[in-house]
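# Commentary on secondary and tertiary structure
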Amino acid sequence: MASRKDYRRIGLLVPSSSSVQERDIGRVLTENITLHVARMRLSNVDAESTLRIVQEIETESQKLADVDVDVIIFPATAPSSRNGIGYDQELIKRISAASGKPATTASTALLEAFRVLSVKQIVLGAPWSAAVNQTVAAFIEANGVKVLAQEALGLTRNLDIGLLDAQTAYDVGRHVNRPGADAVMLACGNWSTFSIIDQLEHDLGKPVLTTNQVSLWHALKMMGMRPLGGLGVLLRDHLGDEAARYAVRAGTN
């Protein structure tokens, strides 16, 4: 029988209509890391829905605690930045209080990625509405990073976002890029981005950050895991020895 210490478990709090996150994140994990998912109701990416989704955060976090995850991620940029500066930390406290587990959000992970990569100015692309994009941009700027330009595809229905080809993320990243930007941020957890990150970084000559990528990176960092290839400079060069300082101990059974 394998020992619990031989495995790591990541808990994922996703919108109920998410069709991308389990697939993309699950595919890139090493064999000793398993993914465990809980869902919170959200059909549309709009102001009301991105606020209402977190009403279920305690209940679903408790369910993830039942499987003894090592860390819980809320990989949703719009909902975790919805109420401005400090809101992501409020959500982390709620998740951890309910589950007894370390936690992070997409917005928290993004800010940490900015710090690690010394990012001061970005451009922002997303598949949702301009209004939602502006809320996310306001959160980023309130945390000290300037948004030079932004682009939104204008979709509201999350199922429609999940059907977008990864090429749309590449195209938005190329179009929204500006010479002064230190990085390109492609926001929305239900947008397929993993397959284009390396190519877009190569073509633009700068880091590319996405909702699922930064969320996964921060979880791996918190667990003290090793670098992971294929998802850009963040996971390739900023995991490992540095991550060990942030490591949390896995429980034992």
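See above for the structure.
These remarks concern the structure in this document.

Conventions and cut-offs
Residues numbered from 1 in each chain as written. Predicted model: local features only at pLDDT ≥ 70, side-chain atom pairs only at ≥ 80, totals over all residues. Heavy atoms only, no water. Pairing = 2+ DSSP bridges. Helix = DSSP H or I, 4+ residues; strand = E, 2+ residues; numbered from the N terminus. Axes fitted to C-alpha atoms, helices over the stretch in contact; angles between N-to-C directions. Contact = heavy atoms within 4.5 Å. Core = buried A, V, L, I, M, F, W, Y, C linked by side-chain atoms within 4.5 Å. Buried < 20%, exposed > 50% of the residue type's maximum accessible area, 1.4 Å probe, protein only. Salt bridge = Lys/Arg side-chain N within 4 Å of Asp/Glu carboxyl O.

## A closer look at the sheet that holds strand β5 (residues 121-126)
The strand order β6-β5-β7-β8 describes an open sheet built from 4 strands, whose pairing is parallel. Only two strands of the sheet have a single neighbouring strand rather than two, namely β6 (146-152) and β8 (208-210). Across the sheet, the axes of successive neighbouring strands diverge by a mean angle of 20°, strand direction being ignored. Relative to β6, β5 is paired through 6 bridges, and the arrangement is parallel. Each bridged residue has a counterpart across the sheet, and for Ala126 the counterpart in β6 is Ala152. Strands β5, β7 (183-186) and β8 of the sheet are contacted by helix α6 (residues 106-117), whose axis makes an angle of about 165° with β8. Contacts from helix α11 (residues 211-222) reach β7 and β8 within the one sheet, and its direction differs from that of β8 by about 85°.

## Here's the deal with the nonpolar core
In this structure, Ile10, Leu209 and Leu220 are the most contacted members of the largest nonpolar core, which totals 84 residues. Broken down by element, this core gets its largest block of residues, 7 residues, from α6. Non-local contacts of Leu220, meaning those with residues more than four positions away in its chain, are made with Ile10, Ile33, Met225, Leu228, Leu235 and Leu239.

## Let's talk about the pairing of strand β3 (residues 71-74)
Neither face of β3 is open: one carries Val71 and Ile73, the other Ile72 and Phe74, and all of them are buried. Alignment of strand β1 (residues 8-15) against β3, held across 3 bridges, turns out to be parallel. Looking at β3, one finds that Ile10 is bridged to Val71. As paired strands, β3 and strand β4 (residues 103-105) are joined by 3 bridges and run parallel to one another. Bridge pairing in β4 places Ile72 opposite Ala103.

## Comments concerning the pattern of salt bridges
Scanning the entire structure with this criterion turns up 11 salt bridges. When the shortest N-O distance is used, the salt bridge between Arg115 and Glu112 registers 2.8 Å. In this pair, Arg115 and Glu112 are both assigned in helix α6, 3 residues apart and thus about one turn of the helix distant. Taking relative accessible area as the criterion, Glu112 reaches 15% and is therefore assigned buried. A salt bridge links Asp237 to Arg236, with the nearest nitrogen and oxygen atoms 3.5 Å apart. Connected via shared salt-bridge partners are Glu112, Arg115 and Lys221.

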